[in-house]
Amino acid sequence: MSQPLSQTVKGDSASERLQNLGLELPDLAGNAYFVHHRAVGSSIHISGQLPFKDGELLGQGVVGRDVELETAKELARHAALNCLAAAVQAVGDLDRVRIVQMLVFVASTPDFGLQSQVANAASELLIEVLGENGRHARTAIGVAGLPLNTPVEIQMICTAV
């Protein structure tokens, strides 16, 4: 069994580590058709998030055909950052977020087979920012297509600590 990924980003709080990565949580635009999060008991379900930044979708296409692996990894990090923003909306503070499960959907060619590497980029961001609270159960799934022709969509379940 391999060793768990260590947290390498310095900072006393999740917010400080996020800042040290040069990142900030985005404002998520409202949507008439769904909410970004819903609490059910102690679980907080985060709606599927796309790699939007400042209202712009950062990429389109199919991984393994139109989108390179490294680009897909960056898009996954942005989608995970948007999930963190939704989690903070739900619990009020980044230091209170604990990720339970992450589902990573990758629009990819049938022979791509590296969906887990795309998901690893999102997992790494969560661990860099949240430390042990960022470790999670995970599924990476290859799909034929995603909304707005995005290459990556991420859905999460988290709790408040």
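In this text, all values refer to a predicted model and were calculated from it rather than measured experimentally.

### Side note on the overall build of the chain
So, point 1. Secondary structure summary: the chain contains 3 helices and 7 strands in total.
So, point 2. Helices and strands in the chain line up, N terminus first, as α-β-β-β-β-α-β-α-β-β.
So, point 3. The buried share among the 161 residues of the chain stands at 45%.
So, point 4. Taking the contacts inside the chain whose residues are at least 6 apart along the sequence as the reference set, 79% of them involve residues at least 24 apart.
So, point 5. When the accessible surface of the chain is summed, it comes to about 8,400 Å², and 48% of that surface belongs to carbon and sulfur atoms.
So, point 6. Between the centroid of the 11 positive side chains of the chain and the centroid of its 17 negative side chains there is a distance of 7 Å.

### Considerations on helix 3 (residues 115–130)
In an α-helix there are 3.6 residues to a turn, and that puts residues three or four apart on one side.
So, point 1. Along its 16 residues, helix 3 runs 23 Å from first to last C-alpha, staying within 8% of the 22 Å computed at 1.5 Å per residue.
So, point 2. Burial analysis of helix 3 places 12 of its 16 residues in the buried class, the great majority of the element.
So, point 3. Of the residues making up helix 3, those classed as buried are Q115, V118, A119, A121, A122, S123, L125, L126, I127, E128, V129 and L130.
So, point 4. Each element contacted by the buried residues of helix 3 is listed here: helix 1 (14–20), helix 2 (69–91), strand 5 (97–107), strand 6 (137–143) and strand 7 (152–160).
So, point 5. Where helix 3 terminates, the next one or two residues include G131, which has phi positive at roughly 65°.

### Details of the side chain of H78
So, point 1. For H78, the position within the fold is in helix 2.
So, point 2. Every residue in contact with H78, bar those within four places of it in the chain, is listed here: P51, K53 and L58.

### What about the pairing of strand 1 (residues 37–40)?
So, point 1. Where strand 1 and strand 2 (residues 43–49) come together, 4 bridges link them in antiparallel fashion. Note that in strand 2 the partner of A39 across the bridge is I44.

### Overview of the pattern of salt bridges
So, point 1. Under the defined criterion, the tally for this structure stands at 5 salt bridges.
So, point 2. As a salt-bridge pair, R77 and E128 come within 3.1 Å of each other at their nearest N and O atoms. Of this pair, R77 sits in helix 2 while E128 sits in helix 3, and the two are 51 residues apart along the sequence. Per residue, the accessibility class of R77 equals that of E128, and both read buried.
So, point 3. Across the pair R135 and E132 runs a salt bridge whose closest N-O atoms are separated by 2.7 Å.
So, point 4. R135 gets classed as partly exposed once you look at its relative accessible area, which sits at 24%.
So, point 5. Taking relative accessible area as the criterion, E132 reaches 57% and is therefore assigned exposed.
So, point 6. A network of salt bridges, in which partner residues are shared, links R77, E124 and E128.

### A closer look at the nonpolar core
So, point 1. V97, I154 and M156 are the most contacted members of the largest nonpolar core, which totals 39 residues.
So, point 2. Broken down by secondary-structure element, the contributors of at least two residues to this core are helix 1, strand 2, helix 2, strand 5, helix 3 and strand 7.
So, point 3. The element contributing the most residues to this core is helix 2, with 14 residues.
So, point 4. For M156, the residues in contact, after removing those within four places along its chain, are I44, H45, I46, A80, C83, I99, Q101, M102 and L126.

Criteria and thresholds
- Residues numbered from 1 in each chain as written.
- Predicted model: local features only at pLDDT ≥ 70, side-chain atom pairs only at ≥ 80, totals over all residues.
- Heavy atoms only, no water.
- Helix = DSSP H or I, 4+ residues; strand = E, 2+ residues; numbered from the N terminus.
- Buried < 20%, exposed > 50% of the residue type's maximum accessible area, 1.4 Å probe, protein only.
- Contact = heavy atoms within 4.5 Å.
- Areas by Shrake-Rupley, 256 points an atom, 1.4 Å probe, with all protein chains shown as cover.
- Lys, Arg positive; Asp, Glu negative; His and termini not counted.
- Charge placed at Lys NZ, Arg CZ, Asp CG, Glu CD.
- Expected span 1.5 Å × (residues − 1).
- Pairing = 2+ DSSP bridges.
- Salt bridge = Lys/Arg side-chain N within 4 Å of Asp/Glu carboxyl O.
- Core = buried A, V, L, I, M, F, W, Y, C linked by side-chain atoms within 4.5 Å.

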